[in-house]
Structures are given as structure tokens and as C-alpha cells.
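Summary of the model geometry
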Amino acid sequence: MTNRKLTRAKYFFEDSEIEHLTEVPADGNQRMEETDASKVIGKPVSRVDGYNKVSGSALFTFDVNLPRMAHARTLRSPYPHAKIRRIDTSKAEALPGVLAVITHENTSEIPWYFDSFLFDPHLRYAGDEIACVAAETEAIAERALKLIEVDYEVLPFVVDTMKAAEETSPVFHEEGRLVFGEEITYERGDVEAGFAESDVIVEDNYTTQAAVHNPTEPHCSVVKWDGDKLTVWDSTQGIYGVRDEVAERLGLPESHVQVISHYMGGGFGTKLETGKYTVMAALLARKIGRPVRIALTRKEMNLAVGNRPDSLQQLKVGAKKDGTLTAMTTTTYGAAGAYRHRAICYWPIMTMYQCANVQLAAYSTYTNLGKARAFRAPGHPQGTFALDSILDDVAEKIGMNPLEFRLKNYAEIDQVSQRPYTSKKLREAYELGAAKIGWTHRRKTPGSDSGPIKRGLGMASQIWWGSGGPPAAVTVKLNNDGSVRVLAGTQDLGTGTYTILAQTVAEVLEIPVERIQVTIGDTAVGPYCPMSGGSMTAPSVTPAAQDAALQLKDALLSGAATMLEVSEENLIYKDGVIHTASGEKEPLGIADVVQRLRERTLVRTGLRAANPEGFMIQSFGVQFAEVEVDTWTGKVRVIRIVAAHDIGRTLNRKLLENQFHGGIIMGMSYALFEERIVDESTGKVLNTNLHDYKIPTIADTPEIDVITVPHSDTKANSMGAKGCGEPPIIPTAAAIANAVYNAIGVRINSLPITPDKVLNALNA
Amino acid sequence: MNSDEKKDRMTRRQFIKTSTLTTVGTVILTKVPLLSGESASGEGIQDNGRKQLLSLTVNDKPVRLLIEPRTTLAEVLRDHLKLTGTKISCNRGQCGSCTVLMNGKAVYSCHMLALDAAGSNVTTIEGLLSGEELHPLQQAFVNHDGLQCGFCTPGQIMAAQALLLKHPKPTKPQVLEAMSGNLCRCAAYPKIIDSVLGTNK
């Protein structure tokens, strides 16, 4: 067993530096250097769970069907702001097939959202939970909802982000109209002095829309009690998080809750939080003594499980003629929705580019709409859109190429903490990306194409955290046939966790990936791993898997030494076979060693080492967009995106490309298509289905080039990989917006860039 | 018991009587057992007497069952036949996750009443397999990584299969057109295109 110690280990989850007392390997994890030849890591290995997903055999939570399982549906508030005066469920309960109805009247007050409850008679948005019905079928449960009689005291509401900050708007939280009761600020240097020394100042306002995650698998849970123990199948991004939270809400020991999520149909942040529906299903199941399944409808998913908050950003940037940024200020507004959420988007301005004088203020207002949630790179696509848009305007004013301007303000260290980065290969990324898109051919004069259809090029930069960190543990079991079972309390959202765990263990033990089976997504089976959010999974769990496999290799060598009666130094491990250096003894396969053990198995658990002290671990990148704008119809078409990023070592080229394609297309969708639309007079969301809420189809797919700067960031972690779930979506919208400007010579300051906005801007 | 309920029960009794006769006759001829019209979750559920007999072929096997007329084809496949490879994501014919083949053509099974599929030949993702062997198209989706979370994947593959039945060597524009009714929120689109185009390579 390697040396271990308990320590206070730190990592960034989004912008919060989180500190955990946790066990880590005392001497760190053994580094897999860039120069280390690899057989499996980095290779385009096919997804190990591919068979299950293409054959239809993968059992998602949505597919779990237990004997005697009942079905639940939720009654939600039709009003954006109301109080329940009286509720009568008797008619619903009398409907044949209805098994139970729960409301605030017959359940205990289970705390939720800091100052509310699972069932809160104070309803703060159209979609807030009122009651939950269990019935023999979903159809009966649905019918029962209509029989619940509620007497509402309808209250004044506000759905506009800016109006919500005004004195006249209703207050529905003790802390007032703003989340935490006040603005959140950041400041460094002296912005007055910075603007005074600038040659050029640009001021502009930018708006971005609220966007809804809309993963393909509906949010759903299936719950089953066995006495006082609860099994929860859940479509979640964090099995351990759901376990802890469900246990806490129900007053159970954590050991009494098992959470399973073997396959889950997409999250993008919306499945990071524990659902009210999970706890409601557990309460119903306990009441009726039967398993309960609850699945949200697409409409519920568009109301009640989060969104990327909108933003209004007021920026002011000063620069010298030589391109030096002298000062940047921004004031941002965003709607948290009905419950607490930080709708911040100024992070890219803090750290993306070198600037000594920065002043930022963010206001998150409470509105009577569904609460925002983390959505793939919270704050960053919106913040980057505003920042990289205004920087292009500044560059134009001083007559500088946008790329040159960004290179001029290249940040060598983290300007907030003054710490160096473990690695930053953004210069290389700029160079590779610019060459690929043909940046030198960019039109010098925006809108200079003749004819109605005009083309343009644009670019934007990306910064994100994504270090991962401890605690993360992975267990490996060597079976007597020489195959390995990997057990980890992590989950695969479609990102490829199954595959990269198998690859890591295959790499260390030098055996084929086919001889490795991975079991994840079960808190009763796998040791603790973090939730899959913040691009944390790969850099957290693969070093732990590597550590476990290395321990296994050590144990095999000591076993072989005993069996062959030679010292360990005289043994050579190659391709899963142990040879004597002299060749005097017959080689032993790893199966030969384990078969001779009494226990006929070897088990080791590896741990993720602490992150290095005194460094920032961040990923960087740049995207270049080429667009075509039809100036007669206003339609923007993205022709090509070149993405060049520093995300450390590539673990699997095929999965990485797929992840980048997905992020970029989602970023394009954010730039051009999708938007939650709210009716101001009723406070209701109007587009709660996949026809009215526009997301891209396969026909919208642009050409995409994915370039990674070849290197391994082994200062960050032993595997040298940084997370890449979020980086791809961050600069896409900004790059497209800049390309649109380059094409038509008119700037669109508002996302999504829809044809009406383009035509209005052209005609202005 | 009010008169409406009486009427319902009468109807139901008559209905069962009739359908039992039909069932017996058909069972003898085709040896197709009549499956319970209720899903596994429907234990103890009150039959409102409006169930109807549905006969169709699913994955080359004849199927007969009693269902409520409101039941969709997707519900029959998932809840009654336990073919959960077919997914429901929007449940209103907007996303394509529920795509299956009906007489060789791609249909949204969530958006179609099962009774409208009576007598037809339905193929689901499970029906593409030969035993445990993947169909070449399924294998192409693995090889080209034409998926991420996998929830829309069965629908994508069935839409692609409908295209390939019509055009065994499709062009890229044909792929884009045939597959544009199948949303993938992970946006694995570039590799879905590769998977479909690469099937015959």
C-alpha cells in the first residue's frame, strides 16, 4: 500500500476554491509525461459502452420498470406568484387508480432552496410544486392533477430582470430583490487612472437570453424502499450528491440511500442539483408501500429545472494606441429566477486578458420564473460574448488586428490570485487556429463583400477552470482470468467516463481495453468520486484509476517475485506479462499470478493526489468562426468553426472531438437559435416544447475543426489532462458575433442573433 | 352504481365476450397469445371497458394485445412489450427519440396511436440485432462514435435505417434531410453523419 496522508486539498469548482479534508497519496500520483509513449491513452478507442447504447440494451433511469411500480405526476403553480389559501385533494384521491396525494398539508416541512420548502404554500413562479400524485398509471396521475382544487391568493409578480431590481417590484424573499441582498463586486487597480491614460474608450451594452438545458432524457427517478433503506435510480450528474441530499431531506443515514445512474441521457448542468421530484417520489413510495417512478414532461423541464440566466452587461474598455488595455469596467444584471442563484457572468473579464485596472459589479435579481442553474460553463458564454465583442470594437478603433490585439494583452499569470498557471498554451492555440481558418484572409473592411450574401471571420478566446481534484477514489479488481473490473462512484453523462477509466487502467497494466470492465454510477459499489460538473470528471478520476492500477502492478510484481524466487528488481513487466530479466524462468501472465493466490483476486483502491499548491489550473482556447449572412433575409449561417484549445493531454481523440463538436454546436445554438420566451402579462413561459424552443438539427451542422495543443499538463495532475466539457461552448457565440460584424459591418449586441435583429441593425 | 357505470360494465362484458371468441379463434390459427392490455404498473386498475384489440408485427413476431384506444405506439412498445430501447423524450412528435420503422418507413411512435399501427410491421432498435450481434449500422455508430449520452441514439439509428432502406448509398444532403427530424442535444451530429455515411464503407 502506498503512503497516504490526510490533508486539506483544494480545487476550483467554477470560481469557488473548495477545500476538503481528504485522504491523498502522500507522494502524489506518478506522472504520465508527455514523452511517455502510450499504447491506449490518447488513442481513438471506441466507447466501451457503445454496444449498450446502440443496441437499446442500456437501461436508463427512464427505462427502469419495477414490479408493482406506481407512477407520479406533479401539480404545479399556474400563477407566477400566489399563495395557497386552501387545497382540497379529496376528488383526486377518490379517482380510481389514485394511490396517494401529497401536499404541504400532509408532509413535514422539508427545507429547500435556503428559505423555502419542498412544498411551499408560497408559490413564487408558474411551475412551483404544489402537490404530487401517485397512481397506477401516468395517465391516471395526470387526470388526478386536474381534480385537485386549489384556492389561490394571486399576488403581483415580476418577470423582467431589470424591473425586478426596482423599488416598485414585489419582494418575495427576506433578503429583498437581489440575491444575497446586494451586488457582488470585484476590483483591482485604479480604473479612473486607467481610463485617463487610454487613447481610446469604447462603451456598449450587451444582452443575452435565458436558455434552457433540455437534455434528451427527461429528469426522472425511480425509488424503492426496502424497510428503512432506499434505492434511487436517478438521471443525475452526481450520484453521491443525490445520495447525501436525499438522505438529509428524509432524515436518513447516508448509508441507507443507494443511488444508481448507470446510463443517463444528458445533463449540461441541469442534473447537478437533487430534484424535488426525487424526494416527492420517495415520500409517496413510503406512503403507498410500492416503488414509484416519476418522470418530468418536456414542459416541466422547460419550467422547473433550471436555465442559463439572461444578462444585461454594460461594458467600458480603455486602451492605448499600441493596444495595451488600460481599464475595463462592467456592470451586469441577470435573473436568478424565483430562488437563490448567482447570475454572474463577469468572470472572463477578470482573468482572460491582461489588464491592471478592472472594476466589476454583478446584480442577480429575483424574478417570478424558474430558478437558474449551472448550465455548461456558467456565466462564460455570456461574459465572453460581451468581452470579445467590445474588444473587437476597440481593436478596430485603434486599427489593430483582433488577434494581434489579444496577443498584446496576453495574461501570463492569473491576475486575481497572482499565481502562475500550471500551463497556458494559448499562444500556440492562437497560432494553430489562425493558420487553419486562414485568418490572414479576413476582410479588412467589414461588410465589404459585394452582393446580398456576405461572409465574415471572427474570433474569441476561452478561459475555464476544470482542474478537478481530490477526493476521488477508484477501485480495481484483478480477476483470475486476468481481466480487470474497475469500480468508481463517478458517472458518465455521455462524456465517456466509462471509456477513459478503462483506457487508463489498460495503459498502466498494458493489457487490451477489451479485458477491462467498468462499473460506475452506483453509490453502493464505487468509492467516492465528485459530481460530473465544472469539467472535473476526467482530471479527477483518471489519476485515481492510474494510482489503483499502479498499485496492482506493484502487487503483481511482488507476487511474481515470490513465485519465481527472484528479486523484484530482476523482473520486467511488459504487456501484462512478467519476465525475468535474464530470461531464466518462464514468464508469468498477470492471470497466472492471481490464479495462484488463495483469494484468486487482487483488489486495490487508488486516490487522486492533491492539486499543486501555489498554481492556478485552467484551460484555454480560441475559436475562429466563418459565417455567411444573407442581408436580404437576415439569416446567419455558420460555415465553419476552428477550435484550438489547450486542455492538456488528450485522453481519447474520438471522444474529445465529439465533446468539442457538441459544445460548439450548442454554442452556435446559443448564438443564433435558442431563447426562453416569457409573456410579460401572464408571467408564463411560452415555448416549453422542442418545437417552439429552437435547438439545432443535424442540417445546421457547420464544418468543425478541433485542434488541441499537443502537451501533457503533468504539473496539474498525473495524467496531464484538463477537463474539456465546458471549454468548447465558451467562445463560440462571441466568435460568431464577431464574424457577423466582419460580414455585414454592423454589430449585433444581443443574443440570439436572429434574422429580425440582423435586418433591424442593417436598416438602422 | 349509477346508470353510466352500469352501461360501461355491460359494454365491457359484451366486449370481452366478443373479443374472447375472436382470441380463441386467432390463437388456434396463429398461436399468438393475447397479452394483457395492462402495463406492469396497471395492477388492479379499473378497466373502463373501452379496450380494443390490437394486432401487429413487432420485430418479425406477431403481437396481439388489448389496449386503451388512447395508447400510443411508443407506449405499447415500451410499457406493454418492454422494448425500452425506443425512447420517449418530448412525447409529442418533435424530437425523434421514439423513431421506429413501420413498414420500412420512419415514424414517431410517440405521436401515433397504436391502433393506427394495426396490421403493420414495426421494427425497433432491438429488431436490428441478430441475436446479440449488432447490425452493421449499429456497429457504424460505435465505430464512428455517433452518439454521446445515447438517449436519442436508437431513434437516430432507426431514422438512418429508414434512409438506407430507400437509398443504400446516401449522399450527405440525403443524410441531413432524412435525419433532420431527430434532435440530439449532445449534438453528436458530425459523427452521426460519419456513422451513416460510413456504414457502407
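Residue positions within a chain follow its written sequence, with the count starting from 1. Chain letters start at A and ligand numbers start at 1, both assigned in the order the entries are written. Local features in this predicted model are restricted to residues of pLDDT 70 or higher, and side-chain atom pairs are both shown and tallied only at a pLDDT of 80 or more, whereas totals for entire chains, interfaces and linings draw on every residue. Remark: hydrogens and water are excluded; side-chain values derive from all non-hydrogen atoms of the structure.

1. So, the overall build of chain A
Within chain A one finds 17 helices and 32 strands. Taking 27 Å as the expected radius of gyration for a compact globule of 764 residues, we find that chain A reaches 27 Å, a close match to that expectation. Based on the C-alpha atoms only, the size of chain A along its principal axes is roughly 85 × 75 × 45 Å. Exposure categories follow from relative accessible area, calculated using a 1.4 Å probe and restricted to protein chains: below 20% of the type maximum is buried, above 50% is exposed, and the middle band is partly exposed. Looking at the 764 residues of chain A, the share that counts as buried comes to 66%. Only heavy atoms matter for contacts: two residues are in contact if any of them lie within 4.5 Å across the pair. Of the contacts made within chain A by residues no fewer than 6 positions apart, 80% connect residues no fewer than 24 positions apart. In this description a helix means any DSSP run of H or I spanning at least four residues, a strand means any run of E spanning at least two, and both kinds are numbered starting from the N terminus. The quantity called the radius of gyration is restricted to C-alpha atoms. Its globule counterpart is 2.2 Å times the number of residues to the power 0.38.

2. Quick look at unusual backbone geometry
Residue and element names in this part refer to chain A. Looking along the chain, the bond that leaves Pro470 and enters Pro471 is cis, with omega of -5 degrees. Examined against the element boundaries, Pro471 turns out to sit in the loop between strand E20 (453–464) and strand E21 (473–478). A positive phi angle, near 50 degrees, is found at Asn214, a position not held by glycine. When you line up the elements, Asn214 lands in the loop between strand E12 (200–208) and strand E13 (220–226). Judged by relative accessible area, Asn214 falls into the buried class, the value being 3%.

3. Considerations on the pattern of salt bridges
Salt bridges are counted wherever a side-chain nitrogen of Lys or Arg sits within 4 Å of a carboxyl oxygen of Asp or Glu. Counted under the stated rule, the structure contains 47 salt bridges over all chains. Sharing partners across several salt bridges, the network here consists of Arg76, Glu129, Lys276 and Glu300 of chain A.

4. Considerations on the domain arrangement of chain A
All names here are of chain A. Looking at the assigned domains, one finds that chain A contains domain 1 (4–61 + 468–607), domain 2 (64–155 + 216–266 + 271–304) and domain 3 (419–464 + 615–763). Each of domain 1 and domain 3 has a C-alpha centre, and these two points are 35 Å apart. Around 2200 Å² of area is buried between domain 1 and domain 3 when both sides are counted, 54% of it from carbon and sulfur atoms. The largest contributions to the domain 1 side of the interface with domain 3 come from Met32, Glu34 and Ser535, which together make up 23% of the buried area. For Glu17, the salt bridge is made with Arg419, and the minimal N-O distance between the two is 3.2 Å. We define a polar contact as two N or O atoms separated by no more than 3.5 Å, with the added condition that, inside protein, one atom must be a possible hydrogen donor and the other a possible acceptor, whereas residues neighbouring each other in sequence contribute only through side-chain atom pairs. For the interface between domain 1 and domain 3, the tally reads 15 residue pairs in polar contact (both at pLDDT 80 or more). Elements that contribute at least two residues to the side of domain 1 that touches domain 3 include exactly helix H12 (497–509) and helix H13 (537–564). Per-element tally for the side of domain 1 that touches domain 3: the top contributor is H13, with five residues. For each domain, the first and last residues come from an automatic or database assignment. Simply put, the buried area is the total loss of 1.4 Å probe accessible area from both parts when two parts are fitted together.

5. Some words on the side chain of Asp145 of chain B
Here Asp145 of chain B is to be found in the loop between helix H4 (136–143) and helix H5 (153–166). On the accessibility criterion, Asp145 of chain B (1% relative accessible area) is buried. If we skip the residues at most four places from it in the chain, Asp145 of chain B touches Arg47, Lys654, Leu655 and Asn658 of chain A together with Lys191 of chain B.

6. Things to note about the packing of helix H15 (residues 653–672) of chain A against helix H7 (residues 189–198) of chain B
Lines fitted to C-alpha atoms define the axes here, with helix axes fitted over just the stretch in contact, and angles between the N-to-C directions of these axes take values from 0 to 180 degrees. At a minimum axis distance of 8 Å, the contact between H15 of chain A and H7 of chain B shows a crossing angle of 125 degrees. Accordingly, the angle class assigned to the pair H15 of chain A and H7 of chain B is oblique. Residues Lys654, Glu657, Asn658, His661 and Ile665 of chain A of H15 of chain A form the contact with H7 of chain B, whose own contacting residues are Tyr189, Pro190 and Lys191 of chain B. Basically, the charged four are Asp, Glu, Lys and Arg, the nonpolar ten are Ala, Val, Leu, Ile, Met, Phe, Trp, Tyr, Cys and Pro, and anything else, Gly included, counts as polar. When the residues that make up the contact of H15 of chain A with H7 of chain B are grouped by side-chain class, the tally is three nonpolar, two polar and three charged. Throughout this description, any angle smaller than 35 degrees is read as roughly parallel, any larger than 145 degrees as roughly antiparallel, any in the 65 to 115 degree range as roughly perpendicular, and the remainder as oblique.

7. Side note on the packing of aromatic side chains
Geometry of aromatic contacts follows a simple scheme: Phe, Tyr and Trp rings, the Trp one being its six-membered ring, pair when their centres are within 6.5 Å, and the pair is stacked under 30 degrees between planes, edge-to-face over 60, tilted otherwise. Counted under the stated rule, the structure contains 14 aromatic pairs over all chains. A centroid spacing of 4.3 Å and a plane angle of 25 degrees characterise the contact between Tyr113 of chain A and Tyr339 of chain A, whose relative ring orientation is stacked. Placement of the pair is Tyr113 of chain A in the loop between strand E6 (111–112) and strand E7 (116–117) and Tyr339 of chain A in the loop between strand E18 (325–337) and helix H8 (347–351), with a sequence separation of 226 residues. Residue classification places Tyr113 of chain A among the buried positions, given a relative accessible area of 12%. Relative to Phe620 of chain A, the ring of Tyr421 of chain A has its centre 4.9 Å away and its plane inclined at 80 degrees; by these criteria the two rings are edge-to-face. On the criterion of sequence distance, the pair formed by Tyr421 of chain A in the loop between helix H10 (402–408) and helix H11 (426–437) and Phe620 of chain A in strand E28 (residues 619–630) is long-range, its members being 199 residues apart. Pair check on accessibility: Tyr421 of chain A and Phe620 of chain A agree, each one buried. Site record: aromatic cluster; members linked through ring pairs are Phe60, Phe62, Tyr263 and Tyr498 of chain A together with Phe151 of chain B. By definition here, charges over rings are those cases where NZ of Lys or CZ of Arg is within 6 Å of the ring centre and within 35 degrees of the ring normal. Stacked on the ring of Phe375 of chain A, the Lys or Arg Arg308 of chain A has its end atom at 4.6 Å from the ring centre. Over the face of the ring belonging to Tyr410 of chain A we find Arg427 of chain A, whose NZ or CZ atom lies 3.9 Å from the ring centre.

8. Looking at the packing of H15 of chain A against helix H16 (residues 732–744) of chain A
All names here are of chain A. Running from amino to carboxyl end, H15 crosses H16 at an angle of 55 degrees, the nearest separation of the two axes being 8 Å. It follows from the interaxial angle that H15 and H16 lie oblique. As for the relative orientation of H15 and H16, their crossing is right-handed in sense. Between H15 and H16, the residues in contact are Gly663, Ile664, Gly667, Met668, Tyr670, Ala671 and Leu672 and Thr732, Ala733 and Ile736, respectively. The handedness criterion is simple: a crossing whose near helix is rotated anticlockwise from the far helix by less than a right angle is left-handed, and one whose near helix is rotated clockwise is right-handed.

9. Let's talk about the interface of chain B and chain A
Listed as interface residues are 52 residues of chain B and, on the opposing side, 62 residues of chain A. Taking both partners together, chain B and chain A bury about 4500 Å²; carbon and sulfur atoms supply 58% of that area. The interface formed by chain B and chain A contains five salt bridges. The partner of Glu657 of chain A in a salt bridge is Lys191 of chain B, and the shortest N-O contact between them spans 2.6 Å. On inspection of chain B and its partner chain A, the count reaches 23 residue pairs in polar contact (both at pLDDT 80 or more).

10. Here we look at the environment of Leu690 of chain A
Within the fold, Leu690 of chain A resides in the loop between strand E31 (684–685) and strand E32 (703–708). Each C-alpha atom, one on Leu690 of chain A and one on Tyr410 of chain A, is 41 Å from the other, the two residues being 280 residues apart in sequence. Setting aside its immediate chain neighbours within four residues, Leu690 of chain A contacts Asn214, Arg298 and Ile695 of chain A together with Cys90, Gln94, Cys95 and Leu183 of chain B.

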